[in-house]
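The lines below spell out each chain.
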Amino acid sequence: MSRAALVLVVEDDDALREALCDTIEYGGYRTVGASNGARALEVLERQAVDLVISDVQMDVMDGHALLRRVKAQWPNLPFVLVTAYGSVEKAVEAIREGATDYLLKPFEAEVLLETVSRLASVTDSDADCMIAEDPAMVSVRELLRRVAGSGATVMISGESGCGKEVVARFVHRQSDRAEQPFVAINCAAIPESMLESMLFGYEKGAYTGAHQTRAGKFEHANGGTLLLDEISEMDLGLQAKLLRVLQEKEVERLGGSTLIPLDVRVLATTNRDLREEVARGRFREDLYYRLNVFPVHVPPLRERRQDILPLATHLLQRHAEDRCLQLAREAELKLLAHDWHGNVRELENCMQRAAILTQGNLVTEQNIFFEDAMRVEPQAPPQVAAEEHGGDSLLNGGLKDRERQLIVNALQSVGGRRKDAAEILGISPRTLRYKLAKLKEQGVSVPAAG
């Protein structure tokens, strides 16, 4: 599974920082927040990020001072400054100081997401590694090798989290477009109005804050490959516009009148039965046939069990940082016995938790926690309190020390970001907030939110 890009948002207004983070996360990215430049530098020292977005006016250390520090220590890290009052002079000054781009307040969510999608690129060398040892997946890989060179549109189906994007990247790498851009966009994560501008681009003035013309995903992928991830979630109205672009092989930016020719290979993924979606009127039949030239189905992880341990080893090492972690035999057997309804995505979460909890280099059975065993979803805080005295939850009873270690380590691994820590732990953010309050009452030092 390829990881989503991580964006550091630096803003001293707590409410605005949360709003910016929520918008960016809505687009399918991860975020970590910091209240000023000094706190941002602390975040950068302990974890790698893919993009920094910083306000200018802040106490302790403002955006310009932060920009200079970041460029001195991480010269290749993209940096966007947010300036108020439409100050073009300040924006020009920011570019001269090394800012990759700038945003002028006020701006629409579309502009923010377009900026993030353009600048936040993941640099993982193994992000698109396709592991296939089970015969079911080996067959898929060999089929993909044959179709990759044809240039045909490929429709990749499969359950959520089974690795459809990895398959798409494999097709791109095996094609004659391998040296050209591979651009992906998640159609399920972005609202229709934002998705349209991100796909097709927009001209200057098309939105509030659109201070210059921007190319869309189709233009960014020109000469290469465009992945339309979870295409079945696209609104019918936008499906019609997409069909026209695919048929005519040209795109017109929002607010523009010029047709831009395209040379793009399109891949699409879906976790739904598109034939059924067509029958129910939720997906255009003409677009279905345009995209479904070569269908490929990715089997769920529970149907390719010989891939479980190779994937687990690969994902474990991804989260091990500078350690060399190995799975004990009893840990391997525990992984093989699990059903993996969340597929490879669930396996990666499990391996991330294991990497956090393992003190030495051997991952034991006690370091393997599954989401269904960990999840506690109370309806109200009193119910959470009641569960604290019960024996059903993995994080309760005689395992209070383990609970404390789980929570603190999870928070440290995500820079104090409560939402991300809750996801790692397999509990709701509301439950995590309650547990953190209890830990603070007990005098436990909890990593602060960025």
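Predicted, not measured: the structure shown is a model, and the values here were computed from it. (Residues numbered from 1 in each chain as written. Predicted model: local features only at pLDDT ≥ 70, side-chain atom pairs only at ≥ 80, totals over all residues. Heavy atoms only, no water.)

1. Considerations on the nonpolar core
The biggest cluster of nonpolar side chains holds 55 residues, and the ones touching the most others in it are Ile53, Val116, Leu199, Phe218, Leu228, Ile231 and Leu291. Sequence-distant contacts of Ile231, defined by excluding residues within four places in its chain, comprise Met155, Cys187, Leu242, Ala268, Thr269, Thr270, Phe283 and Leu291. (Core = buried A, V, L, I, M, F, W, Y, C linked by side-chain atoms within 4.5 Å. Buried < 20%, exposed > 50% of the residue type's maximum accessible area, 1.4 Å probe, protein only. Contact = heavy atoms within 4.5 Å.)

2. Section: the sheet that holds strand 3 (residues 51–55)
Sheet architecture is open: 5 strands sit in the order 2-1-3-4-5, paired in parallel fashion. Both edges of this open sheet fall to strand 2 (30–34) and strand 5 (101–104), since each of them pairs with a single strand only. The mean angle between the axes of side-by-side strands here comes to 20 degrees, regardless of whether they run parallel or antiparallel. Judged from the 4 bridges that link them, strand 3 and strand 4 (residues 79–83) form a sheet pairing that is parallel. From the neighbouring strand, Asp55 faces strand 4, where its bridge partner is Val82. (Pairing = 2+ DSSP bridges. Helix = DSSP H or I, 4+ residues; strand = E, 2+ residues; numbered from the N terminus. Axes fitted to C-alpha atoms, helices over the stretch in contact; angles between N-to-C directions.)

3. With respect to the packing of helix 1 (residues 14–26) against helix 5 (residues 109–119)
Relative orientation of the contacting elements helix 1 and helix 5 amounts to 65 degrees, with a least axis distance of 10 Å. Here helix 1 and helix 5 pass one another in a crossing that is right-handed. Of the residues in helix 5, those touching helix 1 at Leu20, Thr23 and Ile24 are Ala109, Leu112, Leu113 and Val116. Looking at the contact of helix 1 with helix 5, its residues break down into 6 nonpolar, 1 polar and no charged. (Left-handed = near helix turned anticlockwise from the far one by under 90°. Nonpolar A, V, L, I, M, F, W, Y, C, P; charged D, E, K, R; others polar.)

4. A few points about the pattern of salt bridges
Summed over the entire model, instances satisfying the criterion amount to 24 salt bridges. In this structure, the salt-bridge partner of Glu203 is Arg253, at a minimum N-O distance of 3.4 Å. Within this pair, whereas Glu203 is found in the loop between strand 8 (201–202) and strand 9 (214–215), its partner Arg253 is found in the loop between strand 11 (250–252) and strand 12 (259–261), the two being separated by 50 residues in sequence. Close ionic contact of Arg253 with Glu219 constitutes a salt bridge, the shortest N to O distance being 2.8 Å. (Salt bridge = Lys/Arg side-chain N within 4 Å of Asp/Glu carboxyl O.)

5. Digging into the side chain of Glu196
Along the chain, Glu196 turns up in helix 8 (residues 192–200). Side-chain polar atoms of Glu196 contact the side chain of Lys241, separated by 2.8 Å. Apart from the residues lying within four places of it in its own chain, the contact partners of Glu196 are Gly201, Leu238, Lys241 and Leu254. (Polar contact = N/O pair within 3.5 Å; in protein donor to acceptor, adjacent residues only side chain to side chain.)

6. Description of helix 3 (residues 63–73)
Those residues of helix 3 that sit buried are Gly63, His64, Leu66, Leu67, Val70 and Lys71. Along the long axis of helix 3, the arc covered by the buried residues comes to 155 degrees, so they all point the same way. The opening residue of helix 3 is Asp62, an N-cap whose side-chain oxygen sits 3.2 Å from the backbone nitrogen of His64. (Arc of directions from axis to C-beta.)

7. As for the environment of Thr31
Mapped onto the elements of the fold, Thr31 is located in strand 2. For Thr31, a relative accessible area of 0% gives the class buried. Between the C-alpha atoms of Thr31 and Val414, which are 383 residues apart in sequence, the distance is 9.2 Å. Beyond its immediate stretch of four places on either side in the chain, Thr31 contacts Leu6, Val7, Cys21, Ile24, Glu25, Arg417 and Asp420. Side chain to side chain, Thr31 and Glu25 meet in a polar contact 2.5 Å long.

8. Here's the deal with the sheet that holds strand 6 (residues 154–157)
If you trace the 5 strands from one edge of the open sheet to the other, you get 7-10-13-6-14, paired in parallel fashion. Unpaired on one side and paired on the other, strand 7 (182–186) and strand 14 (294–297) mark the two borders of the sheet. Across the sheet, the mean angle from the axis of one strand to that of its neighbour is 20 degrees, orientation sign disregarded. One ladder, built from 4 bridges, connects strand 6 with strand 13 (residues 265–270); its direction is parallel. Across the sheet, the residue bridging to Val154 is Leu267, located in strand 13. Each of strand 6, strand 13 and strand 14 touches helix 6 (residues 135–148); the most contacted strand, strand 14, lies at about 160 degrees to it.

9. Structural notes on the packing of helix 8 against helix 10 (residues 236–248)
The interhelical angle for the contact between helix 8 and helix 10, taken along N-to-C directions, is 10 degrees, at an axis separation of 11 Å. In terms of their interaxial angle, helix 8 and helix 10 are classed as roughly parallel. Listed contacts from helix 10 to Glu192, Leu195, Glu196, Leu199 and Phe200 of helix 8 are Leu238, Lys241, Leu242 and Val245. Of the residues that constitute the contact of helix 8 with helix 10, the class distribution is 6 nonpolar, no polar and 3 charged. (Parallel < 35°, antiparallel > 145°, perpendicular 65-115°, else oblique.)

10. So, the packing of aromatic side chains
Taken as a whole, this structure holds 3 aromatic pairs when the rule is applied. Ring centres of Tyr288 and Tyr289 lie 5.1 Å apart, and the angle between their planes is 70 degrees; on these two criteria the pair is classed as edge-to-face. Measuring from centroid to centroid gives 5.5 Å for Trp340 and Phe370, while their planes differ by 90 degrees, and the two rings are edge-to-face. A residue pair is termed long-range when its members are at least 10 positions apart, and Trp340 in the loop between helix 14 (329–337) and helix 15 (343–357) and Phe370 in the loop between strand 16 (362–363) and helix 16 (371–374) qualify at 30 residues. With respect to burial, Trp340 and Phe370 carry one shared label: buried. (Phe/Tyr/Trp six-rings, centres within 6.5 Å; stacked < 30°, edge-to-face > 60°.)

11. Some remarks on the environment of Ser257
Among the structural elements, Ser257 can be located in the loop between strand 11 and strand 12. Classification of Ser257 as exposed rests on a relative accessible area of 67%.

12. A few points about the confidence of the model for the protein
The share of residues in the protein with pLDDT of 70 or more is 88%, and the mean pLDDT across the chain is 85. Long-range and interchain partners of residues 376–399, a stretch whose pLDDT sits below 50, account for 36 contacts in this model, where long-range means more than four residues apart. (pLDDT = per-residue confidence, 0-100.)

13. Focus on the pairing of strand 3
When you tally the buried positions in strand 3, you get 5 out of 5 residues, the bulk of the element. Relative to strand 3, strand 1 (residues 6–10) runs parallel, the two being bridged by 4 bridges. Bridging from a neighbouring strand, Leu8 pairs with Val52 of strand 3. With helix 3 bridging strand 3 and the parallel strand 4, this β-α-β connection has right-handed handedness. (Right-handed = clockwise from strand over helix to strand, strands pointing away.)

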